[in-house]
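# Summary of structural features
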Amino acid sequence: MKVLVTGGAGYIGGVVAARLLAAGHEVVVLDDLSTGHADAVPAGASLVRGTLRDASCDVLSGGGFDAVLHFAAKSLVGESVANPALYWDKNLGETLALLDAMRRADVRRIVFSSTAATYGEPESTPIEETAPTRPTNPYGASKLAIDTTLAEYARLHGLGGVSLRYFNVAGALLDGGLALGERHTVETHLIPNVLKIALGDGDAVRMFGDDYPTPDGTCVRDYVHVVDLAAAHLLALDACEPGVHEVFNLGSGSGYSVREVVDVCRAVTGRPIPAEVDARRPGDPAVLIASSDKIHRMLGWKPERDLTAMVRDAWTFLSAAR
């Protein structure tokens, strides 16, 4: 199968591209490198530099593509609040350009990198795909708009689409000489930020609130290893059915508190990693955990790697990058 991976020079896109190649697929990466890295594109994949609006039509019109895996997006919540127009333009606007290019090239399958931010603050956990979607920021709203658009393209144009809603992705792909992990200019994820403290970048981990209704008072979040996440994308690719749009959550079904994450990072690194408690951040739910029962039932996917494996692989990648 010949696959276009948009945003394939980023963290998750690069890992998925590598797994596609290992499974025997032909891979072309389209990325403008605004946040991605050319050296994150695995050997064996072709890289086309450009935006979806400018380049997707030319790339797809070359013919021979069977599917698209769509990761390219703006993804900083704070930035989306400060500049919502940018997120509607880049996320929804460029996706519409991609979908039109797919129609012209008669490419009928797409797997989309959606987000748990589409749910906003849930009424209950674990969160199922049937839960109300009430995003609390323009980032989540733009991703939900794409999910809705894919459903309409499936209904009206026979597209086969799958939206995968992630919670917290962590870890790295370490496969022989191949190492792909998180390298964000603006890092917002807990695990790499804790590990950076262990490497000497900063004085202490900031824990926002320790009085939540959770076992240790800190927020609980769901985490999934990036390699397990990539496996779900390959299963979703094979499951794309013409005229059908499916939504699947990807998570562990259980959660880890901020204190538990810090403790595991201390155990893996063998370093003390100081932590300080700050005030709660507005809008932080106490618990966010995904139900992945649907994708397990329909596609047979379940995560195989626990938090220790995520931290260990992330630590190996970050330490080697120094």
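Residues numbered from 1 in each chain as written. Predicted model: local features only at pLDDT ≥ 70, side-chain atom pairs only at ≥ 80, totals over all residues. Heavy atoms only, no water.

### Considering unusual backbone geometry
For the bond running from threonine 125 to proline 126, omega is -5°, close enough to zero to count as cis. Turning to its location among the elements, proline 126 is positioned in the loop between strand E5 (109–115) and helix H5 (138–157). Positive phi, normally seen in glycine, also occurs at leucine 33, with a value near 60°. One non-glycine residue with positive phi stands out, namely isoleucine 273, at about 50°. Mapped onto the elements of the fold, isoleucine 273 is located in the loop between helix H8 (258–269) and strand E15 (275–278). Judged by its relative accessible area of 2%, isoleucine 273 is buried. (Helix = DSSP H or I, 4+ residues; strand = E, 2+ residues; numbered from the N terminus. Buried < 20%, exposed > 50% of the residue type's maximum accessible area, 1.4 Å probe, protein only.)

### What to know about H8
Between its terminal C-alpha atoms H8 stretches 17 Å, which fits the 16 Å expected from 12 residues at 1.5 Å a residue. Taken as a whole, H8 has its buried residues at Val258, Val261, Val262, Val264, Cys265 and Thr269. Projection of H8 onto a plane perpendicular to its axis shows the buried side chains occupying an angular sector of 160°, all on one side. Residues of H8 that are buried in the fold lie against helix H6 (190–198), strand E10 (205–208), strand E12 (223–225), strand E14 (256–257) and helix H10 (307–320). Immediately downstream of H8, the backbone of glycine 270 shows phi near 70°, a positive value. (Expected span 1.5 Å × (residues − 1). Arc of directions from axis to C-beta. Contact = heavy atoms within 4.5 Å.)

### What about the packing of aromatic side chains?
This model, assessed by the stated rule, comprises 1 aromatic pair. Between tyrosine 223 and tyrosine 256 the ring centres are 6.4 Å apart and the planes differ by 55°, which places this aromatic pair in the tilted class. Here tyrosine 256 lies in strand E14 and tyrosine 223 lies in strand E12, a separation of 33 residues in the sequence. Between lysine 2 and the ring centre of phenylalanine 65, over which it is positioned, the NZ or CZ distance is 4.4 Å. The ring centre of phenylalanine 248 lies 5.1 Å from the NZ or CZ of lysine 294, which sits over that ring. (Phe/Tyr/Trp six-rings, centres within 6.5 Å; stacked < 30°, edge-to-face > 60°. Lys NZ or Arg CZ within 6 Å of the ring centre and 35° of its normal.)

Any functional reading would require information that these geometric values do not contain.
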